[in-house]
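In case you want the letters, here they are:
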Amino acid sequence: MIYQRELKKNLRSLIIWGIALSGIILMTLSIYPQFTQDQETMKELLNAYPDSFKQAFGMDRLDYGSLLGFYGVQVHFMTTLFGSIFAVMLASNIVAKEENEKTIEFLLSKPITRMQIMTEKWLAVMTNIALLNIIIMVISLIGFQFADEDPSMKTFILLVLATFLLHITFAAISFLLSTTMKKARTITSVSLGFVFLSYFLSVVSGITENLEGLKYFSFFKYIDAADIIANQSIKPLYLSIMIAVVSIMIVLSYVAYHRKDIAV
(Lines give C-alpha, C1' and ligand atoms only; values in the text may rest on other atoms or scores of the structure.)
Protein backbone atom coordinates (compact mmCIF):
# COMPACT_ATOMS: atom_id res chain seq x y z
CA MET A 1 0.00 0.00 0.00
CA ILE A 2 2.66 2.52 1.06
CA TYR A 3 5.01 1.50 -1.74
CA GLN A 4 2.39 2.03 -4.45
CA ARG A 5 1.29 5.32 -2.87
CA GLU A 6 4.84 6.68 -2.83
CA LEU A 7 5.46 5.66 -6.42
CA LYS A 8 2.28 7.44 -7.48
CA LYS A 9 3.04 10.58 -5.47
CA ASN A 10 6.57 10.87 -6.84
CA LEU A 11 5.74 9.98 -10.45
CA ARG A 12 5.39 13.59 -11.56
CA SER A 13 8.76 14.52 -10.06
CA LEU A 14 10.40 11.52 -11.72
CA ILE A 15 8.94 12.45 -15.11
CA ILE A 16 10.07 16.08 -14.82
CA TRP A 17 13.61 15.13 -13.80
CA GLY A 18 13.74 12.41 -16.45
CA ILE A 19 12.67 14.80 -19.22
CA ALA A 20 15.08 17.51 -18.05
CA LEU A 21 18.07 15.16 -17.88
CA SER A 22 17.12 13.54 -21.19
CA GLY A 23 17.10 16.92 -22.91
CA ILE A 24 20.48 17.87 -21.44
CA ILE A 25 22.05 14.54 -22.41
CA LEU A 26 20.75 14.57 -25.98
CA MET A 27 21.64 18.22 -26.51
CA THR A 28 25.18 17.65 -25.20
CA LEU A 29 25.83 14.47 -27.19
CA SER A 30 24.44 16.04 -30.37
CA ILE A 31 27.40 18.45 -30.52
CA TYR A 32 30.01 15.69 -30.22
CA PRO A 33 30.31 15.13 -34.02
CA GLN A 34 31.16 18.82 -34.47
CA PHE A 35 34.03 18.47 -32.02
CA THR A 36 35.48 15.47 -33.82
CA GLN A 37 35.27 17.09 -37.25
CA ASP A 38 37.84 19.72 -36.40
CA GLN A 39 40.48 18.19 -34.14
CA GLU A 40 42.72 21.25 -34.35
CA THR A 41 40.03 23.60 -33.11
CA MET A 42 39.18 21.16 -30.33
CA LYS A 43 42.79 21.04 -29.15
CA GLU A 44 42.99 24.82 -29.16
CA LEU A 45 39.79 24.97 -27.13
CA LEU A 46 41.13 22.51 -24.56
CA ASN A 47 44.47 24.31 -24.34
CA ALA A 48 42.61 27.50 -23.49
CA TYR A 49 41.49 25.99 -20.20
CA PRO A 50 43.84 26.46 -17.21
CA ASP A 51 45.69 23.30 -16.14
CA SER A 52 44.05 23.41 -12.72
CA PHE A 53 40.60 23.48 -14.34
CA LYS A 54 41.42 20.48 -16.54
CA GLN A 55 42.79 18.55 -13.57
CA ALA A 56 39.73 19.34 -11.45
CA PHE A 57 37.34 17.86 -14.01
CA GLY A 58 39.60 15.06 -15.26
CA MET A 59 40.00 16.65 -18.68
CA ASP A 60 43.75 16.02 -18.55
CA ARG A 61 43.19 12.26 -18.22
CA LEU A 62 40.34 11.76 -20.70
CA ASP A 63 40.52 11.58 -24.47
CA TYR A 64 38.14 14.36 -25.40
CA GLY A 65 38.21 13.12 -28.99
CA SER A 66 36.60 9.78 -28.07
CA LEU A 67 32.89 9.37 -27.41
CA LEU A 68 33.30 7.98 -23.88
CA GLY A 69 35.91 10.61 -23.07
CA PHE A 70 33.53 13.33 -24.19
CA TYR A 71 30.70 11.64 -22.26
CA GLY A 72 32.86 11.47 -19.14
CA VAL A 73 33.64 15.19 -19.21
CA GLN A 74 30.39 16.68 -20.48
CA VAL A 75 27.61 14.29 -19.43
CA HIS A 76 28.77 12.15 -16.50
CA PHE A 77 29.20 15.05 -14.11
CA MET A 78 25.67 16.29 -14.89
CA THR A 79 24.01 12.92 -14.39
CA THR A 80 25.86 12.38 -11.12
CA LEU A 81 25.25 15.87 -9.71
CA PHE A 82 21.66 16.43 -10.85
CA GLY A 83 20.73 12.83 -10.11
CA SER A 84 22.11 13.19 -6.59
CA ILE A 85 19.98 16.30 -6.07
CA PHE A 86 16.92 14.33 -7.18
CA ALA A 87 17.85 11.45 -4.85
CA VAL A 88 18.28 13.57 -1.70
CA MET A 89 15.16 15.63 -2.36
CA LEU A 90 13.20 12.40 -2.67
CA ALA A 91 14.69 10.58 0.32
CA SER A 92 14.85 13.56 2.69
CA ASN A 93 11.08 14.02 2.71
CA ILE A 94 9.73 10.53 2.33
CA VAL A 95 9.61 9.65 6.05
CA ALA A 96 9.50 13.06 7.75
CA LYS A 97 6.53 14.25 5.69
CA GLU A 98 4.21 11.81 7.48
CA GLU A 99 4.62 13.74 10.71
CA ASN A 100 4.67 17.15 9.00
CA GLU A 101 1.49 16.40 7.07
CA LYS A 102 -0.16 14.72 10.11
CA THR A 103 -0.71 11.46 8.22
CA ILE A 104 1.41 9.27 10.47
CA GLU A 105 -1.54 8.68 12.84
CA PHE A 106 -3.52 7.22 9.93
CA LEU A 107 -0.63 4.94 8.96
CA LEU A 108 -0.04 3.68 12.47
CA SER A 109 -3.74 2.94 12.91
CA LYS A 110 -3.45 0.35 10.16
CA PRO A 111 -2.21 -3.24 10.73
CA ILE A 112 1.28 -2.25 9.69
CA THR A 113 4.55 -2.08 11.62
CA ARG A 114 7.09 0.71 11.66
CA MET A 115 9.59 -1.60 10.00
CA GLN A 116 7.16 -2.24 7.17
CA ILE A 117 6.66 1.50 6.73
CA MET A 118 10.43 1.99 6.48
CA THR A 119 10.90 -0.94 4.12
CA GLU A 120 8.23 0.16 1.67
CA LYS A 121 9.42 3.77 1.70
CA TRP A 122 13.04 2.78 1.09
CA LEU A 123 11.96 0.46 -1.72
CA ALA A 124 10.08 3.40 -3.26
CA VAL A 125 13.24 5.52 -3.07
CA MET A 126 15.30 2.74 -4.67
CA THR A 127 12.74 2.23 -7.42
CA ASN A 128 12.58 5.92 -8.34
CA ILE A 129 16.35 6.22 -8.44
CA ALA A 130 16.64 3.03 -10.49
CA LEU A 131 14.05 4.32 -12.97
CA LEU A 132 15.88 7.64 -13.32
CA ASN A 133 19.14 5.81 -14.01
CA ILE A 134 17.44 3.58 -16.58
CA ILE A 135 16.22 6.74 -18.30
CA ILE A 136 19.77 8.14 -18.22
CA MET A 137 21.17 4.91 -19.70
CA VAL A 138 18.58 4.61 -22.48
CA ILE A 139 18.77 8.28 -23.49
CA SER A 140 22.58 8.14 -23.46
CA LEU A 141 22.52 5.12 -25.79
CA ILE A 142 20.16 7.03 -28.08
CA GLY A 143 22.50 10.02 -27.93
CA PHE A 144 25.45 7.83 -28.91
CA GLN A 145 23.77 7.38 -32.30
CA PHE A 146 24.78 10.94 -33.17
CA ALA A 147 28.37 9.69 -33.39
CA ASP A 148 29.84 7.30 -35.89
CA GLU A 149 31.60 5.41 -33.13
CA ASP A 150 31.03 2.31 -31.02
CA PRO A 151 31.96 2.97 -27.38
CA SER A 152 32.90 0.19 -24.98
CA MET A 153 29.63 -1.06 -23.52
CA LYS A 154 31.43 -2.51 -20.51
CA THR A 155 32.86 0.89 -19.61
CA PHE A 156 29.57 2.65 -20.24
CA ILE A 157 27.68 0.19 -17.99
CA LEU A 158 30.29 0.79 -15.28
CA LEU A 159 29.68 4.54 -15.52
CA VAL A 160 25.93 3.96 -15.22
CA LEU A 161 26.33 1.61 -12.24
CA ALA A 162 28.68 4.07 -10.55
CA THR A 163 26.14 6.84 -11.04
CA PHE A 164 23.35 4.69 -9.58
CA LEU A 165 25.49 3.75 -6.57
CA LEU A 166 26.34 7.41 -5.93
CA HIS A 167 22.66 8.37 -6.01
CA ILE A 168 21.78 5.54 -3.61
CA THR A 169 24.58 6.58 -1.24
CA PHE A 170 23.32 10.14 -0.96
CA ALA A 171 19.73 8.89 -0.71
CA ALA A 172 20.63 6.59 2.20
CA ILE A 173 22.19 9.48 4.12
CA SER A 174 19.12 11.65 3.50
CA PHE A 175 16.85 8.75 4.46
CA LEU A 176 18.54 8.58 7.86
CA LEU A 177 18.11 12.33 8.32
CA SER A 178 14.44 11.94 7.39
CA THR A 179 13.96 9.51 10.28
CA THR A 180 15.88 11.49 12.90
CA MET A 181 14.92 15.09 12.09
CA LYS A 182 11.43 16.58 12.06
CA LYS A 183 11.36 19.59 9.74
CA ALA A 184 11.32 18.54 6.08
CA ARG A 185 12.82 21.82 4.85
CA THR A 186 15.74 21.54 7.23
CA ILE A 187 16.39 17.94 6.18
CA THR A 188 16.34 18.86 2.49
CA SER A 189 18.64 21.84 3.06
CA VAL A 190 21.16 19.76 5.01
CA SER A 191 21.02 16.96 2.41
CA LEU A 192 21.54 19.33 -0.52
CA GLY A 193 24.33 21.05 1.37
CA PHE A 194 26.05 17.71 1.82
CA VAL A 195 25.79 16.97 -1.93
CA PHE A 196 27.23 20.34 -2.92
CA LEU A 197 29.99 20.11 -0.31
CA SER A 198 30.92 16.66 -1.59
CA TYR A 199 31.01 17.96 -5.17
CA PHE A 200 33.10 20.97 -4.12
CA LEU A 201 35.63 18.72 -2.36
CA SER A 202 35.81 16.56 -5.48
CA VAL A 203 36.69 19.57 -7.62
CA VAL A 204 39.16 21.03 -5.13
CA SER A 205 40.95 17.69 -4.60
CA GLY A 206 41.72 17.52 -8.31
CA ILE A 207 43.27 20.96 -8.57
CA THR A 208 46.52 20.22 -6.77
CA GLU A 209 48.30 17.24 -5.23
CA ASN A 210 48.45 19.07 -1.91
CA LEU A 211 44.68 18.74 -1.61
CA GLU A 212 44.40 15.25 -3.07
CA GLY A 213 43.57 13.78 0.33
CA LEU A 214 40.21 15.53 0.22
CA LYS A 215 39.03 13.02 -2.39
CA TYR A 216 38.38 10.47 0.37
CA PHE A 217 35.72 12.82 1.77
CA SER A 218 33.91 13.17 -1.56
CA PHE A 219 31.70 10.44 -2.98
CA PHE A 220 31.88 12.15 -6.38
CA LYS A 221 35.57 11.32 -6.52
CA TYR A 222 34.76 7.67 -5.91
CA ILE A 223 32.95 7.47 -9.26
CA ASP A 224 35.35 9.70 -11.21
CA ALA A 225 34.82 9.09 -14.95
CA ALA A 226 38.52 9.40 -15.78
CA ASP A 227 39.44 6.64 -13.29
CA ILE A 228 36.64 4.34 -14.41
CA ILE A 229 37.42 4.74 -18.11
CA ALA A 230 41.17 4.33 -17.58
CA ASN A 231 40.94 1.33 -15.23
CA GLN A 232 37.82 -0.26 -16.75
CA SER A 233 36.54 -0.71 -13.21
CA ILE A 234 35.40 1.02 -10.04
CA LYS A 235 38.14 0.93 -7.42
CA PRO A 236 37.31 -1.79 -4.85
CA LEU A 237 38.06 0.56 -1.95
CA TYR A 238 35.59 3.17 -3.16
CA LEU A 239 33.00 0.53 -3.97
CA SER A 240 33.35 -0.98 -0.51
CA ILE A 241 33.05 2.40 1.22
CA MET A 242 29.85 3.33 -0.64
CA ILE A 243 28.23 -0.05 0.00
CA ALA A 244 29.22 0.18 3.68
CA VAL A 245 27.82 3.72 3.98
CA VAL A 246 24.50 2.68 2.41
CA SER A 247 24.23 -0.39 4.66
CA ILE A 248 25.07 1.53 7.84
CA MET A 249 22.73 4.41 7.02
CA ILE A 250 19.80 2.08 6.35
CA VAL A 251 20.39 0.03 9.51
CA LEU A 252 20.63 3.22 11.59
CA SER A 253 17.43 4.49 9.94
CA TYR A 254 15.52 1.38 10.99
CA VAL A 255 16.89 1.55 14.54
CA ALA A 256 16.18 5.29 14.87
CA TYR A 257 12.64 5.00 13.56
CA HIS A 258 11.89 1.99 15.74
CA ARG A 259 12.89 3.95 18.85
CA LYS A 260 11.49 7.30 17.75
CA ASP A 261 8.82 9.03 19.80
CA ILE A 262 6.50 9.90 16.94
CA ALA A 263 4.28 12.95 17.32
CA VAL A 264 0.73 12.21 16.19
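Residues numbered from 1 in each chain as written. Predicted model: local features only at pLDDT ≥ 70, side-chain atom pairs only at ≥ 80, totals over all residues. Heavy atoms only, no water.

Helix and strand counts for the chain stand at 15 helices and zero strands. Within the chain, residue pairs in contact and separated by at least 24 positions form 78% of the contacts whose partners lie at least 6 positions apart. When the accessible surface of the chain is summed, it comes to about 13000 Å², and 64% of that surface belongs to carbon and sulfur atoms. (Helix = DSSP H or I, 4+ residues; strand = E, 2+ residues; numbered from the N terminus. Contact = heavy atoms within 4.5 Å. Areas by Shrake-Rupley, 256 points an atom, 1.4 Å probe, with all protein chains shown as cover.)

Further remarks concern the nonpolar core. Of all hydrophobic cores here, the largest spans 70 residues; its most connected members are L29, Y71, W122, V125, F175 and F219. Sorting elements by how many residues they give to this core places helix α11 (residues 153–180) first, with 14 residues. Aside from chain neighbours lying at most four places away, what touches W122 is I168, A171, A172, F175, V246 and I250. (Core = buried A, V, L, I, M, F, W, Y, C linked by side-chain atoms within 4.5 Å. Buried < 20%, exposed > 50% of the residue type's maximum accessible area, 1.4 Å probe, protein only.)

This next bit is on helix α7 (residues 76–93). With 18 residues, α7 extends 26 Å from end C-alpha to end C-alpha; this agrees with the ideal 26 Å at 1.5 Å per step. Taken across its 18 residues, α7 has 14 buried, putting it largely inside the fold. (Expected span 1.5 Å × (residues − 1).)

All told, the structure shown has two salt bridges when counted by the stated rule. For R5, the salt bridge identified is with E6, shortest N-O distance 3.4 Å. For E6, a relative accessible area of 0% puts it in the buried group. Within the structure, one salt-bridge network assembled from shared partners comprises R5, E6 and K121. (Salt bridge = Lys/Arg side-chain N within 4 Å of Asp/Glu carboxyl O.)

As for its position among the elements, S253 is in helix α15 (residues 236–259). Classification of S253 as buried rests on a relative accessible area of 0%. Residues contacting S253, with those up to four places away along its chain left out, are M118, F175, L176 and T179.

Bringing unusual backbone geometry into the picture now. The backbone of Q232 shows a phi angle near 60 degrees, a positive value even though the residue is not glycine. Along the chain, the position of Q232 falls in the loop between α14 (225–231) and α15.

Another aspect to go through is the side chain of T155. Structurally, T155 can be placed in helix α11. You can call T155 buried: its relative accessible area is 1%. Apart from residues no more than four positions distant in its own chain, T155 is found in contact with L68, I228, I229 and Q232.

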